[in-house]
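Residue-level structure breakdown
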Amino acid sequence: MKIIMLGAPGAGKGTQAKRIAEKYSIPHISTGDIFRANIKNNTELGQKAKTYMDKGELVPDELVVDLIMDRFKQADAANGYVLDGFPRTIPQAEALDKALEANGESVDFAINVEVPDENIINRMGGRRACVGCGATYHIQFNAPKVEGICDTCGEKLILRDDDKPETVKNRLSVYHDQTQPLIDYYNKKNVLREVDGTQAMDDVFKAIVDILG
Ligand code: ADP
Ligand code: ADP
Ligand code: ZN
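This report concerns the structure included in the present document. Predicted model only: the values in this text are computed from it and were never measured.

Reading guide: rules and limits
- Residues numbered from 1 in each chain as written.
- Chains lettered and ligands numbered in written order.
- Predicted model: local features only at pLDDT ≥ 70, side-chain atom pairs only at ≥ 80, totals over all residues.
- Heavy atoms only, no water.
- Helix = DSSP H or I, 4+ residues; strand = E, 2+ residues; numbered from the N terminus.
- Buried < 20%, exposed > 50% of the residue type's maximum accessible area, 1.4 Å probe, protein only.
- Expected span 1.5 Å × (residues − 1).
- Contact = heavy atoms within 4.5 Å.
- Near = heavy atom within 4 Å.
- Polar contact = N/O pair within 3.5 Å; in protein donor to acceptor, adjacent residues only side chain to side chain.
- Areas by Shrake-Rupley, 256 points an atom, 1.4 Å probe, with all protein chains shown as cover.
- Nonpolar A, V, L, I, M, F, W, Y, C, P; charged D, E, K, R; others polar.
- Pairing = 2+ DSSP bridges.

1. Examining the environment of alanine 37
- Among the structural elements, alanine 37 can be located in helix 2 (residues 31-40).
- A residue is classified by how much of its surface remains accessible, and alanine 37, at 36% relative accessible area, is partly exposed.
- Along the sequence, alanine 37 and proline 144 sit 107 residues apart, while their C-alpha atoms lie 22 Å from each other.

Below you can see the structure in the form of structure tokens.
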């Protein structure tokens, strides 16, 4: 099964993608996580990506497309995946379609997690990310057992630089300009499904499972 998660930054794509990956035994592929891992390891790709990410801008399409095509070659991606944060532009979606078509494949579902902008600032301001394993928490909606410490690996939790309000505003406007057009793109291909992302996490997941079967 090949699934794409669509939605604004902070809509809950990553949270749901992790659960989908577990339930359907497919890898969760997050381009944001891959970039952050590269930044942490100070790779050339990480250095390039960081300049864009810090400003809340998108990393150029060529870089992202090369990275994802490489990721698809790994053995765990052979039976599908859930993509979180890719594609984010029409050219990225076209590159994905072209690569899939070459193998007679296509996207099965594009799930749009719908959350209005008013809720997003609160979602992002309360998000905390683990520096060790990348797990995501929310100080209000999904608090760790011990404040500031990851339940899973015990490392420190931080507020991502790009989750500060000024950058979030820019990311939202980038989302509306460059990513939202994908909703129409996948609707035309009849694979778009919408879920109400303002519901509690468990209810969002139930709605998704109803769609995926
Ligand atoms: P969120 O989960 O909050 O939406 P991500 O972790 O997906 O954020 O992405 C963080 C940043 O990484 C983005 O703001 C952007 O700079 C970069 N990025 C991630 N995926 C892509 C992509 N597909 N195209 C371009 N930039 C990307
Ligand atoms: P995205 O990957 O779309 O950027 P995340 O999955 O990281 O979004 O979620 C953003 C923040 O909102 C996180 O702190 C997460 O714990 C929290 N969150 C996710 N889904 C919900 C929900 N349904 N209700 C309340 N908070 C949520
Ligand atoms: Zn952790």
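Right, picking up where we left off after that structure.
2. A short note on helix 1 (residues 13-24)
- The end-to-end C-alpha distance of helix 1 is 16 Å, a good match for the 16 Å that 12 residues give at a rise of 1.5 Å each.
- Considering only its buried residues, helix 1 is in contact with strand 1 (2-6), strand 2 (28-30), strand 3 (81-84) and helix 9 (201-212).
- Looking one or two residues beyond helix 1, the residue adopting positive phi is serine 25, at roughly 50°.

3. What to know about the site of ligand 2
- Contacts to ligand 2 come from 19 residues, most closely from Gly10, Lys13, Thr15, Arg127 and Tyr137.
- Between ligand 2 and lysine 13, the relevant distance is 2.8 Å, taken from an oxygen atom to a side-chain nitrogen or oxygen of the residue.
- Within the complex, the protein chains bury 93% of what would otherwise be the 560 Å² of accessible surface of ligand 2.
- Contributions of two or more residues to the shell around ligand 2 are made by helix 1, strand 6 (136-138) and helix 9.
- Its residues assigned to classes, the shell around ligand 2 comprises 8 nonpolar, 8 polar and 3 charged.

4. Things to note about the pairing of strand 5 (residues 127-130)
- Direction of pairing for strand 5 relative to strand 6: antiparallel, over a ladder of 3 bridges. Its bridge partner lying in strand 6, arginine 128 is registered against tyrosine 137.
- Between the antiparallel neighbours strand 5 and strand 6 lie 5 residues, among them glycine 134 with a positive phi of about 85°.
- In terms of strand pairing, strand 5 meets strand 7 (residues 157-158) through 2 bridges, oriented antiparallel. Looking across to strand 7, one finds that alanine 129 is bridged to isoleucine 158.

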